[in-house]
Amino acid sequence: MRVAILGAGFFGFHIAHQLERRYPGIEVEIFEKDARPLRGAGTHNQCRLHMGFHYPRSGYTIYQSIMGFDRFVAEYGEFLSDVGDNLYAVRHDGLVSVEAYLAVMDAFHLRYETVPVSPDLFRDPDGIGVVLRVPERSIDVQSVRERLAGRVAARLHTWCRIDEIDAARGMLRSGSQLFGPFDYIVNASYTDPNLGLPENLHFAIKWELTALVLATTSLAPDAAVTIMDGEYVSVYPAYGGMHTLSSVAHTPIRRYTTRDEMIADYPRRLELANRAGAEAAIADDVARHLNVQHDTKELWVTAKTKLATDMGDSRVTEVRRHDRLFSVLCGKIDAVFEASDTILQEMTWPIPPDSPQASVTPDSAMAASLRTP
Ligand SMILES: Cc1cc2nc3c(=O)[nH]c(=O)nc-3n(C[C@H](O)[C@H](O)[C@H](O)COP(=O)(O)OP(=O)(O)OC[C@H]3O[C@@H](n4cnc5c(N)ncnc54)[C@H](O)[C@@H]3O)c2cc1C
């Protein structure tokens, strides 16, 4: 059995690992557009292993986080750290009231304790309605970069952007090169989930270039603060005692309605972030809300995929199937099992003789049927 995976990110490696476990002897090939694996949003993010506290306006996102959390801890515990003092502050002027926030968290039976609003930490303690201490954890993305790829036997093709997928024949095109036939293809590219899907199955999405500040801060290494829910800020542990600083207003530096516009900007993303003054804007916003000093170590700039239709800040993970292709909308890292479970449930091997996929014979006509540049 041969499977191709687009994208050497967290989702790509996770799905490869689950497939190799299920089908011993399987040949998995991962196609990555960049020079190195694990350099996208999967390892340049807020490093938060969500339980749902971040999503009071999306019950389904909370549900996926709850379903994913324990399995993620069991499988990827080596990459996780406890965040002993992990605070979520809910402001009176946020998008959800304090009462509504607590009601949602209680409805999902999420565990937390309420703690006093510290005037030493919050610049506007009177604006805060409640502070919760929660048991969410932190993902050490540095270790993920170093070790996740070692879990799989898959062959990795780097510098290999996939431009076209022929889902019926299990073929891929990268420039003038063709790869395949594969029995199945999994698109875990995060930014390109509509590649190879017919229009009626397209995910309605939009894209952003986003910036986060990686810094040493005056917070303890195992302390985190997130202010909910609206244009607020967050300081969250990353690795090596550092934190990421993010700001809902300034972390998105550019928004796109088409993938091509975003792809065109991606190579000069750092320049664009610097031109937008992203680092200072994020730091100033954090300093406006929190008494936290910081010393910047790096600016992370990466692409983000969001649902265009979203009104409630949802980050759902969903898989759509077309012929031999499974395409993943990668919402958050805690939901990797949501994606791999769906794929494993749907994938059959050997492909039954009466299935439409079984009737496809790879021959030279297949190559001709793919548009070549
Ligand atoms: C600023 C920010 C903060 C976030 N914070 C969190 C958080 O705290 N917790 C959380 O759970 N989630 C968070 N997320 C979301 C999370 O990062 C993503 O849902 C998830 O990482 C996406 O899956 P991935 O890791 O596989 O993506 P990526 O790491 O982006 O991997 C996808 C790979 O596919 C490659 N690729 C793309 N197109 C092609 C193509 N056509 N051909 C070949 N290769 C291709 C890319 O180069 C990339 O390496 C955050 C995202 C952003 C942007």
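Remember, it's a predicted structure, so these values are computed and weren't measured experimentally.

S.K.: Now, about the domain arrangement of the chain: what can you tell me, with residues and values included?
M.R.: The domains assigned to the chain are domain 1 (1–81 + 138–202 + 311–373) and domain 2 (84–135 + 205–308). If you average the C-alpha positions of domain 1 and of domain 2, the two centres end up 27 Å apart. Residue-level contacts link 25 residues of domain 1 with 32 residues of domain 2. Contributions of two or more residues to the side of domain 1 that touches domain 2 are made by helix 2 (59–76) and helix 4 (141–147). If one sorts the elements of the side of domain 1 that touches domain 2 by residue count, helix 4 sits on top with three residues. Looking at the side of domain 1 that touches domain 2, its residues break down into ten nonpolar, eleven polar and four charged.

S.K.: Go over unusual backbone geometry with me, naming the residues and quoting the values.
M.R.: Backbone torsion omega between Met228 and Asp229 reads -10 degrees, so that peptide bond is classified as cis. Residues Trp349 and Pro350 are joined by a peptide bond in cis, for which omega reads -5 degrees. As for its position among the elements, Pro350 is in the loop between helix 8 (336–346) and helix 9 (364–369). Residue Cys47 is not a glycine yet carries a positive backbone phi of 65 degrees. Summarising the element assignment, Cys47 is placed in the loop between strand 2 (27–31) and strand 3 (48–49).

Calculation notes
- Residues numbered from 1 in each chain as written.
- Predicted model: local features only at pLDDT ≥ 70, side-chain atom pairs only at ≥ 80, totals over all residues.
- Domains from an automatic or database assignment.
- Contact = placed C-beta atoms within 7 Å.
- Helix = DSSP H or I, 4+ residues; strand = E, 2+ residues; numbered from the N terminus.
- Nonpolar A, V, L, I, M, F, W, Y, C, P; charged D, E, K, R; others polar.

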